[in-house]
Amino acid sequence: AKPGYVITICSTIEPNTPVALAEIARKQDVEVVDATMCLGEPAAEDGTLLLMCGGVDWALDRIQPALEVLGANIFRLGDVGAGQVGKMLNNYLLWSCVVANYEAMRLGARLGVDLEPLRQALLLSSGANWALDTWLRSRPMPWAEDDMRIVMQYADQAKLPMPAAGLLRE
């Protein structure tokens, strides 16, 4: 990359990785930002992703037009790496909801409840969540091993007990 370029990392990776890459790139007068993407494949297809970004303001300002093509909602969370932290926390909440939804729907089925009206009622109640709303999509959903490994690694580094996250990881 030439001096003045901005490298944008959109992949979901460990938060320290873009920080380390930014240190290397700055020696060449290149800036690294992270712009993680949320809301899945349908949002990517129609340009309505939610983006969580980290980086210096001038670099994020420079790439703002490109980000606006990708996403309907763009949030600046702080320095480089902050977008990864946001995505890590989003994924933790997502997988928590996925597991809770699965268990709730299984219990409902075992107790003889008609699941689709139950799901519709839950979506209008305090149990509503994105994972429950998209429950019937025909697209496969990968499991969260890497996401939860990253959450637990950073919780350990922060010396913050997260027993629900540990249980979810298992």
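Residues numbered from 1 in each chain as written. Predicted model: local features only at pLDDT ≥ 70, side-chain atom pairs only at ≥ 80, totals over all residues. Heavy atoms only, no water.

Trainee: Explain the pattern of salt bridges to me, please; I cannot follow it from the model alone.
Mentor: Pairs can form between side chains of opposite charge whenever their charged atoms are close. In total, this model carries 5 salt bridges according to the counting rule given. Residue Arg26 pairs with Glu31 through a salt bridge whose shortest N-O separation is 2.7 Å. According to the relative accessible area criterion, Glu31 is buried, its value standing at 8%. One network of salt bridges, with partners in common, ties together Asp57, Asp61 and Arg76. (Salt bridge = Lys/Arg side-chain N within 4 Å of Asp/Glu carboxyl O. Buried < 20%, exposed > 50% of the residue type's maximum accessible area, 1.4 Å probe, protein only.)

Trainee: Any chance you could explain the packing of helix 4 (residues 82–110) against helix 7 (residues 145–157) here in plain terms?
Mentor: A pair of packed helices can be characterised by two numbers: the angle between their axes and the separation between those axes. Interaxial distance between helix 4 and helix 7 falls to 9 Å at its minimum, and their mutual angle equals 120°. Between helix 4 and helix 7, the angle is such that the two are oblique. Viewed along their axes, helix 4 and helix 7 form a crossing whose handedness is left-handed. Within the contact between the two elements, helix 4 uses Met88, Asn91, Tyr92 and Trp95 and helix 7 uses Asp147, Met148, Ile150, Val151 and Tyr154. (Axes fitted to C-alpha atoms, helices over the stretch in contact; angles between N-to-C directions. Helix = DSSP H or I, 4+ residues; strand = E, 2+ residues; numbered from the N terminus. Parallel < 35°, antiparallel > 145°, perpendicular 65-115°, else oblique. Left-handed = near helix turned anticlockwise from the far one by under 90°. Contact = heavy atoms within 4.5 Å.)

Trainee: Honestly, the pairing of strand 4 (residues 71–78) in this entry has me stumped. Any pointers?
Mentor: Across a regular strand the side chains alternate sides, sitting on one face of the sheet and then on the other. Strand direction decides the pairing type here: strand 3 (residues 49–54) and strand 4, joined by 6 bridges, are parallel. Bridge pairing links Cys53 to Arg76 in strand 4. Note on the crossover from strand 3 through helix 3 (residues 57–70) to strand 4: the handedness is right-handed. (Pairing = 2+ DSSP bridges. Right-handed = clockwise from strand over helix to strand, strands pointing away.)

Trainee: Explain the nonpolar core here, please?
Mentor: Nonpolar side chains in soluble globular proteins tend to end up buried together. Counting 14 residues, the largest nonpolar core has Tyr92, Trp95, Met148, Val151 and Ala165 as its most contacted members. Residue assignment for this core shows that the elements contributing at least two residues are helix 4, helix 7 and helix 8 (163–169). Once you skip the residues sitting within four places of it in the chain, Tyr92 turns out to touch Met148, Val151, Met162, Ala164, Ala165 and Leu168. Counting residues in hydrophobic clusters, the runner-up holds 11 residues, among them Val6, Leu49, Cys53 and Leu60. (Core = buried A, V, L, I, M, F, W, Y, C linked by side-chain atoms within 4.5 Å.)

Trainee: How should I be thinking about helix 4 in this particular structure?
Mentor: One turn of an α-helix holds 3.6 residues; hence residues three or four places apart share an orientation. In a regular helix each residue adds 1.5 Å, so 29 residues correspond to 42 Å; helix 4 covers 42 Å between its end C-alpha atoms and thus fits that length. Positive backbone phi, at 85°, marks Gly112, one or two positions downstream of helix 4. (Expected span 1.5 Å × (residues − 1).)

From the geometry alone we can't say anything about function, so treat these as descriptive.
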